[in-house]
There are 2 protein chains.
Amino acid sequence: MDGELVDDKVILGDAAITELYSTSYYGRPRNGKLELTLIEAAYLLGRERISISRGKKPLNFKEFVKTASNLMEKFELKYIVYKDLRERGYYIQPSVTDFRLYPRGGHPGKTPAEYFVRVVSEREPLSLADIMRHLETAKNVRKQIILAIVDEEGDITFYDAKKTDMEGKMKEVVETNSIKEEATLLGDRVVIWDPELAHTLHHGSFFGTPLHEKMLQLSLVESAYLLKKKVIKIVDGKSGKVLSFNKFAEKATNIEPIFDRKYRAYEGLRDKGQVVKTGFKFGSHFRTYEQIDSIEKLTHSKYLVHAIPDDHIFSLQELSRAIRLAQSVRKRMIFAYTTDKKVQYVDIGRTKL
Amino acid sequence: MDGELVDDKVILGDAAITELYSTSYYGRPRNGKLELTLIEAAYLLGRERISISRGKKPLNFKEFVKTASNLMEKFELKYIVYKDLRERGYYIQPSVTDFRLYPRGGHPGKTPAEYFVRVVSEREPLSLADIMRHLETAKNVRKQIILAIVDEEGDITFYDAKKTDMEGKMKEVVETNSIKEEATLLGDRVVIWDPELAHTLHHGSFFGTPLHEKMLQLSLVESAYLLKKKVIKIVDGKSGKVLSFNKFAEKATNIEPIFDRKYRAYEGLRDKGQVVKTGFKFGSHFRTYEQIDSIEKLTHSKYLVHAIPDDHIFSLQELSRAIRLAQSVRKRMIFAYTTDKKVQYVDIGRTKL
């Protein structure tokens, strides 16, 4: 079957509509002809289903690929992804976000496409804003978004991204009306000296870590949260002065420049009823538990949460490392960010297509 | 047993030498008295082995900890680490790098200390230069270095660091004297069209990924390496011009700004006889194989290698994520950097004490 390269399309005669489109959904019929994108054409040329010429001159696979690379940005990346999905039996069509992918068993005309696939090179920086924009576009037409990340050796990793609400099941933090003894800010942590309060906070809501028998140490975000909820009072270990929430936040920001960002995520998650602990051993800000009955019998923590600014730009290597690690400990990787004073959560994970 | 806080030491009478030093190696005897650091004193006070006063006024644990925090930087972090190690049966003494740690079964006077322990807060940035300096200090006195990283909730992760030479077992890359067909730079990768060369490179030395039957795609670092070794010739897909190594490196740097850094590490590792492939799925630049008999039967890749600049400053969260991930796939995390045109490797891993 002969095709002709015209601009950035390959045009085939009407026989191709029957043979390539009707049976396997390659290309789009237009005015009695079949129009293929460069990607589709390269794939069919490589499989020797079609031949291609440009103004009478036949192009072999090498010549066509070289030509197509100069006509279409990221041609070689898109080709790699298209080929992979086609060879694994998916129907796939060009779309605004690179490709539309049909569910297994589905095809154009029978079922709506399920995914928008966006092809990204491992070297491209990917902004949170970009991801959220793709999510919005996809949501408006009831599709999901898939990022197909092509590494420098041509291997593909598929990621899906979705918004999530992180609803937990823990009720409000324990009310303690009687603040007996002030907690102290020592260095970069706060110590609760009151054994009763220490016990209630730790056993009731999994705040802090016992530092020494009945003494509890709280992290900066835990301390700020409990201070804001008026559960504790904090005195500065150096000056001996009582610290207001704002003053404490200021001191915390001096210790940890991204305190504000981390705190917003922490507060958002605690307010949602999640129990939030450090995720340091997993290289993330937090790990969370949806519910805890007893700190002696901790259930599996399902999420790692990392607080990012709303103008964050991911390096894909960083994203790959974070998600792969989360997966290796059977957790979902959640990125938390704040827009219009509201904390938002996006869940990005590896997906097998 | 009564101690007196004098400046930043706690001084006890000679009975303490017998009771605390001779049996358990707390403190250092000096002029017939026993001198404790603030950390040792806090630990013994917490365990009610001693009492402490300051100018006749007795200090309880809370008062002493508050005072000590103001007298010693990172007191609370060092206390957490000291307590953890002591409670697990280690003998530990103050030293230039925070602590000297004796091996299990060893103690001062019997055995030399085995480790220098450096206490670091998860929030401290840690420079490569710092790590290398500690390594040098430790090596001069035949000790190993341990980083005790205290997270915001007071949990400790121990890391060890050591230089490594990354010796591999693969002989020189296959010589190919007959370059039949030029390879093409297309976008951010290079395509080898010559089926014979493609086969030799891929099967002989695990270069590249088959893009399409007998066609091989090479990553930028692979291409540069083979170009430098005169195994391939590369033509720019856009201009049709043959590219010299320097011209290719320039183009590669435009595509990937850290190309030079990655390339040096790649070349260093290949020259050492390692087979080097992308580590993208593990969030690192490379994974390496010490030996490959056949690409159909790949052995386990033992190392992840990340190329960093020689003035790199680690965030400990980043370090934690990288190392935890490497460990979860049973690999060692290696950081490669170049000083004086020589590639160096440092192996940082979690260690259980």
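Thresholds applied
Residues numbered from 1 in each chain as written. Chains lettered and ligands numbered in written order. Predicted model: local features only at pLDDT ≥ 70, side-chain atom pairs only at ≥ 80, totals over all residues. Heavy atoms only, no water. pLDDT = per-residue confidence, 0-100. Least-squares fit on C-alpha atoms with pLDDT ≥ 70 in both. Contact = heavy atoms within 4.5 Å. Core = buried A, V, L, I, M, F, W, Y, C linked by side-chain atoms within 4.5 Å. Buried < 20%, exposed > 50% of the residue type's maximum accessible area, 1.4 Å probe, protein only. Domains from an automatic or database assignment. Buried area = accessible area lost by both parts, 1.4 Å probe. Salt bridge = Lys/Arg side-chain N within 4 Å of Asp/Glu carboxyl O. Polar contact = N/O pair within 3.5 Å; in protein donor to acceptor, adjacent residues only side chain to side chain. Helix = DSSP H or I, 4+ residues; strand = E, 2+ residues; numbered from the N terminus. Nonpolar A, V, L, I, M, F, W, Y, C, P; charged D, E, K, R; others polar. Pairing = 2+ DSSP bridges. Axes fitted to C-alpha atoms, helices over the stretch in contact; angles between N-to-C directions. Expected span 1.5 Å × (residues − 1).

This brings us to the confidence of the model for chain A. Across chain A, the average pLDDT comes to 93, with 98% of residues at 70 or higher. For this predicted complex, the interface confidence reaches an ipTM of 0.91, while the overall pTM sits at 0.93.

Attention now goes to the relation of the copies chain B and chain A. The second copy of the chain is related to the first by a rotation about an axis and a shift along the axis. Note on the copies: chain B fits chain A at an RMSD of 0.0 Å, the axial shift is 0.0 Å, and the rotation between them is 180°. Both copies are brought into coincidence by an operation consistent with a two-fold rotation axis. Among all C-alpha atoms of chain B, that of B:Leu325 lies closest to the rotation axis, at 2.6 Å. The share of interface residues of chain B whose copies in chain A are also at the interface is 100%, consistent with both copies meeting through the same surface.

Moving on, we come to the nonpolar core. Proteins that are soluble and globular tend to have nonpolar side chains buried together. Counting residues in hydrophobic clusters, the biggest one holds 60 residues, and the most contacted among them are A:Phe335, A:Val346, A:Ile348, B:Phe335, B:Val346 and B:Ile348. Each of domain 2 (73-164) and domain 3 (183-350) of chain A contributes no fewer than three residues to this core. Non-local contacts of A:Ile348, meaning those with residues more than four positions away in its chain, are made with A:Ile131, A:Tyr159, A:Asp160, A:Ala161, A:Leu319, A:Ile323, A:Arg332, A:Met333 and A:Phe335.

Taken together, the contacts link 69 residues of chain B with 69 residues of chain A. Buried area between chain B and chain A, summed over both chains or domains, comes out near 6000 Å², and the portion from carbon and sulfur atoms is 52%. For chain B, the biggest contributors to the area lost against chain A are B:Glu153, B:Phe280 and B:Arg321; these three give 15% of the whole. Applying the counting criterion to the chain B and chain A interface returns 10 salt bridges. Linking chain B to chain A there are 37 residue pairs in polar contact (both at pLDDT 80 or more). Looking at which element gives the most residues to the side of chain B that touches chain A, the answer is helix 10 (residues 316-328) of chain B, with nine residues. For the side of chain B that touches chain A, the per-class residue count stands at 23 nonpolar, 21 polar and 25 charged.

Here we come to the domain arrangement of chain A. Residues and elements named next belong to chain A. For chain A, the assigned domains read domain 1 (1-72), domain 2 (73-164) and domain 3 (183-350). With centres defined by C-alpha atoms, the gap from domain 1 to domain 2 works out at 22 Å. Each side of the interface is counted separately: domain 1 has 19 residues, and domain 2 has 17 residues. Of the roughly 1500 Å² buried between domain 1 and domain 2 on both sides combined, carbon and sulfur atoms contribute 66%. On the domain 1 side of the contact with domain 2, Tyr 25, Ile 39 and Tyr 43 bury the most area, a combined 45% of that side's loss. Summed over the shared surface of domain 1 and domain 2, the result is one salt bridge. Between Arg 47 and Glu 87 there is a salt bridge, with the nearest N and O atoms lying 4.0 Å from each other. Inspection of the domain 1/domain 2 interface yields six residue pairs in polar contact (both at pLDDT 80 or more). Listed by contribution, the elements that provide at least two residues to the side of domain 1 that touches domain 2 are helix 1 (15-24), helix 2 (38-46) and helix 3 (61-71). Taken together, the residues of the side of domain 1 that touches domain 2 break down into 11 nonpolar, five polar and three charged.

Mapped onto the secondary structure, B:Thr278 falls in strand 19 (residues 275-279). Aside from chain neighbours lying at most four places away, what touches B:Thr278 is A:Glu122, A:Asp151, A:Glu152, A:Glu153, B:His285, B:Phe286 and B:Arg287.

An order of 15-16-14-13-17-18 (chain B) is seen for the six strands of this open sheet, with the pairing classed as mixed. Looking along the sheet, the strands with just one partner apiece sit at the ends: strand 15 (209-212) and strand 18 (242-243) of chain B. Sheet analysis places strand 14 (residues 189-192) of chain B next to strand 16 (residues 215-218) of chain B, joined by three bridges and oriented antiparallel. Looking at strand 16 of chain B, one finds that B:Val190 is bridged to B:Leu218. Packed on one face of the sheet, helix 4 (residues 75-87) of chain A meets strand 13 (183-186), strand 14, strand 15 and strand 16 of chain B and runs near 85° to strand 15 of chain B.

Attention shifts here to the pairing of strand 20 (residues 303-307) of chain A. All names here are of chain A. By the criterion of burial, strand 20 is predominantly enclosed, with five of the five residues buried. Judged from the three bridges that link them, strand 19 (residues 284-289) and strand 20 form a sheet pairing that is antiparallel. Of the residues in strand 20, the one forming a bridge with Phe 286 is Val 305. Direction of pairing for strand 20 relative to strand 22 (residues 332-339): parallel, over a ladder of five bridges. Its bridge partner being in strand 22, Ala 307 is matched across the sheet by Ala 336.

Now for helix 4 (residues 75-87) of chain B. Residues separated by three or four positions in an α-helix point in the same direction, a consequence of the helix having 3.6 residues per turn. Residues and elements named next belong to chain B. The first and last C-alpha atoms of helix 4 sit 18 Å apart over 13 residues, in line with the 18 Å expected at 1.5 Å per residue. Where burial is concerned, most of helix 4 is hidden: 11 out of the 13 residues are buried. Backbone geometry just after helix 4 places Gly 89 at a positive phi near 85°.

The strands making up a sheet associate through backbone hydrogen bonding, with each pair oriented either parallel or antiparallel. All names here are of chain B. Judged by pairing direction, the sheet is mixed, and its six strands sit side by side in the order 3-4-2-1-5-6 without closing on themselves. With one partner strand each, in any of the chains shown, strand 3 (28-30) and strand 6 (57-59) form the two edges of the open sheet. Pairs of neighbouring strands in the sheet enclose a mean axial angle of 40°, with direction left out of account. Examined bridge by bridge, strand 3 and strand 4 (residues 33-37) share three bridges and lie antiparallel to one another. Bridge pairing links Pro 29 to Leu 34 in strand 4.

Glancing now at the side chain of A:Glu222. Looking at the secondary structure, you find A:Glu222 in helix 7 (residues 220-228). One polar contact links the side chain of A:Glu222 to the main-chain amide nitrogen of A:Gly208, over a distance of 2.9 Å. At 3.3 Å, the side chain of A:Glu222 forms a polar contact with the side chain of A:Lys277. With residues near it in sequence (within four places) discarded, A:Glu222 still touches A:Phe206, A:Phe207, A:Gly208, A:Gln217, A:Tyr266, A:Lys277 and B:Glu153.

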